[in-house]
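Coordinate inspection notes
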Amino acid sequence: MFEIFGIPSNALFGQLLIGLINGSFYALLSLGLAVIFGMLNIINFSHGAQYMLGAFVAYLLLQYSGLGYWPALIVAPVLVGITGMIVERLMLQWLYKLDHLYGLLLTFGLALIFEGLTRNYFGSAGLPYTLPDSLRGGQNLGFMFLPNYRAWVIVASLAICFGTWFVIERTRLGAYLRAATENPTLVRAFGINVPRMITLTYGFGVALAAFAGVMAAPIYNVSPQMGSELIIVVFAVVVIGGMGSILGAIVTGFGLGVIEGLTKVFFPEASNTVIFVIMAIVLLVRPAGLFGRRA
Amino acid sequence: MRKTLGLAALAAALACGGANAQQVNVKIGILTDMSSLYSDVGGPGSVAAAKLAIADFTKANPNVKVDLVSGDHQNKPDVGSQLANQWYDVDKVDVIVDTPNSGVALAVSQITTTKNKVFLVSGAAASDLTGPKCNANTVHWTYDTWMLANGTGKAIVKTGGDTWFFLTADYAFGHALERDTSAAVEKNGGKVVGKVRHPLNTNDFSSFLLQAQASKAKIIGLANAGGDTINAIKQGAEFGIVKGGQKFAGLLVFASDVNALGLQTAQGLTLTETWYWDMNDANRAWTKRWQAERAAAGKFPTMVQAGVYSAISHYLKAVVAVKSAADGKAVVAQMEKMPTDDALFGKGTVRADGRKLHPAYLLEVKKPEESKYPGDFYHVRATIPADEAFRPLKEGNCPLVGG
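Residues numbered from 1 in each chain as written. Chains lettered and ligands numbered in written order. Predicted model: local features only at pLDDT ≥ 70, side-chain atom pairs only at ≥ 80, totals over all residues.

1. Structural notes on the overall build of chain A
Of the regular secondary structure elements, chain A holds 11 helices and four strands. The C-alpha atoms of chain A give a radius of gyration of 19 Å, which matches the 19 Å a tight globule of 295 residues would have. Judged by the C-alpha coordinates and their principal axes, chain A covers about 65 × 50 × 35 Å. Looking at the 295 residues of chain A, the share that counts as buried comes to 51%. Counting only contacts in chain A whose residues sit at least 6 apart along the sequence, the fraction spanning at least 24 positions is 76%. (Helix = DSSP H or I, 4+ residues; strand = E, 2+ residues; numbered from the N terminus. Rg over C-alpha atoms; globule rule 2.2 N^0.38 Å. Buried ≥ 20, exposed ≤ 12 C-beta atoms within 10 Å, placed from the backbone. Contact = placed C-beta atoms within 7 Å.)

2. Side note on the nonpolar core
Ranked by internal contacts, the top residues of the largest apolar core, which has 219 residues, are I312 and Y315 of chain B. Each residue touching Y315 of chain B, except ones within four places of it in the same chain, is listed here: V95, V118, L120, V331 and M335 of chain B. (Core = buried A, V, L, I, M, F, W, Y, C linked by C-beta atoms within 7 Å.)

3. Things to note about the domain arrangement of chain B
Residue and element names in this part refer to chain B. The assigned domain composition of chain B is domain 1 (24-143 + 279-358) and domain 2 (146-273 + 360-388). Once you take the C-alpha centre of each, domain 1 and domain 2 turn out to be 27 Å apart. Taken together, the contact pairs 20 residues of domain 1 with 21 residues of domain 2. Of the residues forming the side of domain 1 that touches domain 2, the biggest block, three residues, is contributed by helix α4 (residues 102-115). (Domains from an automatic or database assignment.)

4. A word on helix α7 (residues 206-215) of chain B
Counting buried residues in α7 of chain B gives eight out of 10 residues, a clear majority hidden from the surface. Of all the positions in α7 of chain B, only S206, S207, F208, L209, L210, Q211, A212 and Q213 of chain B are classed as buried. Turning to α7 of chain B, the residues buried within the fold contact α1 (9-40) and α10 (246-266) of chain A together with β6 (163-169), β7 (191-198), β8 (219-223) and α8 (227-238) of chain B. Just past α7 of chain B, the residue K216 of chain B takes up positive phi, approximately 60°.

5. A few points about the pairing of strand β1 (residues 24-32) of chain B
All names here are of chain B. With nine bridges connecting them, β1 and strand β2 (residues 64-72) associate as parallel partners. Bridge pairing links G29 to V69 in β2. With helix α2 (residues 43-60) bridging β1 and its parallel neighbour β2, the resulting β-α-β unit is right-handed. Judged from the four bridges that link them, β1 and strand β3 (residues 95-98) form a sheet pairing that is parallel. What sits directly across from G29, in β3, is I96. (Pairing = 2+ DSSP bridges. Right-handed = clockwise from strand over helix to strand, strands pointing away.)

6. Details of the sheet that holds β8 of chain B
What holds strands together in a sheet is hydrogen bonding between their backbones, with the strands either parallel or antiparallel. Residues and elements named next belong to chain B. Pairing in this open sheet of four strands is parallel, and the strands run β7-β6-β8-β9 from one edge to the other. Whereas interior strands pair on both sides, the edge strands pair on one side only; in this sheet they are β7 and β9 (247-250). Strand-to-strand twist across the sheet, computed as the mean angle between neighbouring axes with direction ignored, equals 25°. Of the pairings in the sheet, the one linking β6 to β7 comprises seven bridges and is parallel in character. The residue of β7 that forms the bridge with T163 is K191. The sheet contacts of α8 involve β6, β8 and β9, and relative to β9 the element is tilted by about 170°. (Axes fitted to C-alpha atoms, helices over the stretch in contact; angles between N-to-C directions.)

7. Some thoughts on the interface of chain B and chain A
It is common to give the size of an interface as the accessible area that goes away when the parts come together. Listed per partner, the contact involves 35 residues of chain B and 33 residues of chain A. Residue assignment for the side of chain B that touches chain A shows that the elements contributing at least two residues are β7, α7, α8, α9 (255-261) and α10 (263-266) of chain B. When residues of the side of chain B that touches chain A are assigned to their parent elements, the largest contribution, six residues, is made by α8 of chain B.

8. Overview of the environment of K76 of chain B
Here K76 of chain B is to be found in the loop between β2 and α3 (77-89). Sequence spacing of K76 of chain B and L269 of chain B is 193 residues, and the spatial spacing of their C-alpha atoms is 30 Å.

9. Brief notes about the pairing of strand β10 (residues 270-273) of chain B
Residues and elements named next belong to chain B. Alternating positions in β10 separate into two faces, T270 and T272 on one and L271 and E273 on the other, with burial throughout. Relative to strand β14 (residues 360-365), β10 is paired through four bridges, and the arrangement is antiparallel. Paired with T270 across the bridge in β14 is E364.

10. Points about the environment of N25 of chain B
Residue and element names in this part refer to chain B. Its place among the elements puts N25 in strand β1. N25 sits in the partly exposed class, given 14 other C-beta atoms within 10 Å. For the pair N25 and I111, spaced 86 residues apart in sequence, the C-alpha to C-alpha distance is 22 Å.

11. Structural notes on unusual backbone geometry
Of all residues except glycine, most have a negative phi; of all peptide bonds, most are trans. All names here are of chain B. The backbone of N75 shows a phi angle near 65°, a positive value even though the residue is not glycine. As for its position among the elements, N75 is in the loop between β2 and α3. Here the phi dihedral of K92 falls at roughly 60°; this positive angle occurs in a residue that is not glycine. Structurally, K92 can be placed in the loop between α3 and β3.

12. Details of the sheet that holds strand β4 (residues 118-121) of chain B
Residues and elements named next belong to chain B. One open sheet holds the five strands; their spatial order is β2-β1-β3-β4-β5, and the pairing between them is parallel. Where the open sheet ends on each side, the last strands, each with one partner, are β2 and β5 (138-140). Taking each pair of neighbouring strands and ignoring which way they run, the sheet shows an average axis angle of 20°. Across the sheet, α2 touches β1, β2 and β3, and the angle it forms with β2 is around 180°. Strands β1, β3, β4 and β5 of the sheet are contacted by α4, whose axis makes an angle of about 155° with β4.

Set out below in structure tokens:
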């Protein structure tokens, strides 16, 4: 047991682990955003609201159909993903030819609508959602007590992140998608249904956000503003990682989680702002982000 | 002929003046958090409470005409200040009510005294409002950090919780609550072993909870409110805080927070409030009216919203007594001269430093099986009489109070 900068090593390792766990959460959230921006060039500002909808659908499933946490992990992302696809078909598809900013405005407006409606019906204080019984309790690791649920968060996050990266970068489907983004006309000429692929990809990105929402429901307060609090940080993560890069979003998510965790130990009042300080520095040094490709 | 006409007109005017009671016009502004973490504590519920207070008062006093406006300060002192200035200067508002968020309240209090209007604080907590920052235009109604600290803090120390670690929201309210509770803990023989300050609206408390666990303090004092308290307690359950032998002290917990946590997680929490909807028949009857006005059957009023009703009722009585709402200092002086009596808080007084006095209640959250109907959250464990519940007048360092 030794001390590093005045903090006992035990405590520091505990904080690093917590930072990794939070980082895995950021990675999961920013993955959806990176997929949507990288593949579709849409700045999806309603990502936070879709994350919140995932948590709320999980709550409603529990209340009204008795579906617990595990079924909700699948059902909620599918439901929210379908609403995402409807939004894409009805509204977003007309904006692809225009400037990025129109997509940003549309999705931001949608976020405000979702948040306002939810707050109108459910109030702002939040709704109760407890840990699933199978994940209660924790392990005493010696230097800290690790809740089982947090261990599950890291595992699920790594699995989903790796799986998504693999599909997009290493499979044929991913290759079609990447090609369709670069040159849709040519890919269509090969007989591939590009608009449908785009809709499905947007739906997948939204489903990722909703999945993160269901994962968050047992540990964070399920309130209408849970998304808007997180979305700014997630955008910072994606910008630092590089707006088009899946791997960048994942690596940056984990990295920033650790840095934020360390800040909470040494200078907790700044734990909100340290991510933005890093974003400013990174953008000054590498404007396309750490892993970004110059557009 | 012209002289006769003139005299006749004069006589008619004088006759008109004497026949009716004088019309009094008042404009009330509810400045509150409509969209963020305190909007269930105050928010639209405060507006509903204000509407009830105005309706009740104008029924008994038809010569008083009251206008109501409301606005969202978004928990930002600059937004709140800008709204307050605009209301006072442009929209001719006479009194601002509510303002959860001590940072906003302190700013609005200064603006109010400069413009000689009235500020009735129901939502904010910082005891500085009647301490070093007191002024002759502000009345602090429902509760404050000193009352919370000495109600909950003292009770917990007396039952054996003598070492404390604070989780503090890093702004005016959190600092005030931590300061007052530390003083109360130490006065009653306890010790503060550590503290950590977190930004307002923090999602994840795992890092801070780890630090609290490492401190081995018996009590983790939550010097925060709303979503921050809910997240801290929810994640505390995850990290086995209670199983590990430590307990949470929720220094400011509202019924809306207990609802969001669920009784399974919140059971056993000790807290202090000055009003609970299920305490007596008068409160229950008013709650039904509030729910109808709010058009939200599943919600229950908080003490902040009840305080808005009570404060406006007393304010309007004072305005009628001095015949005009224009001079803020005069109205507040009248409010301090008249004892208060309303359906919700009973009899009380407003002190020279602007502090409203009424009893406080030590409450404990029920177990899930003890709760018989929605909203049935608390056992009332003790009543703290009004003269003990709030900081003694001389200890406040209020410049208005001599010596």
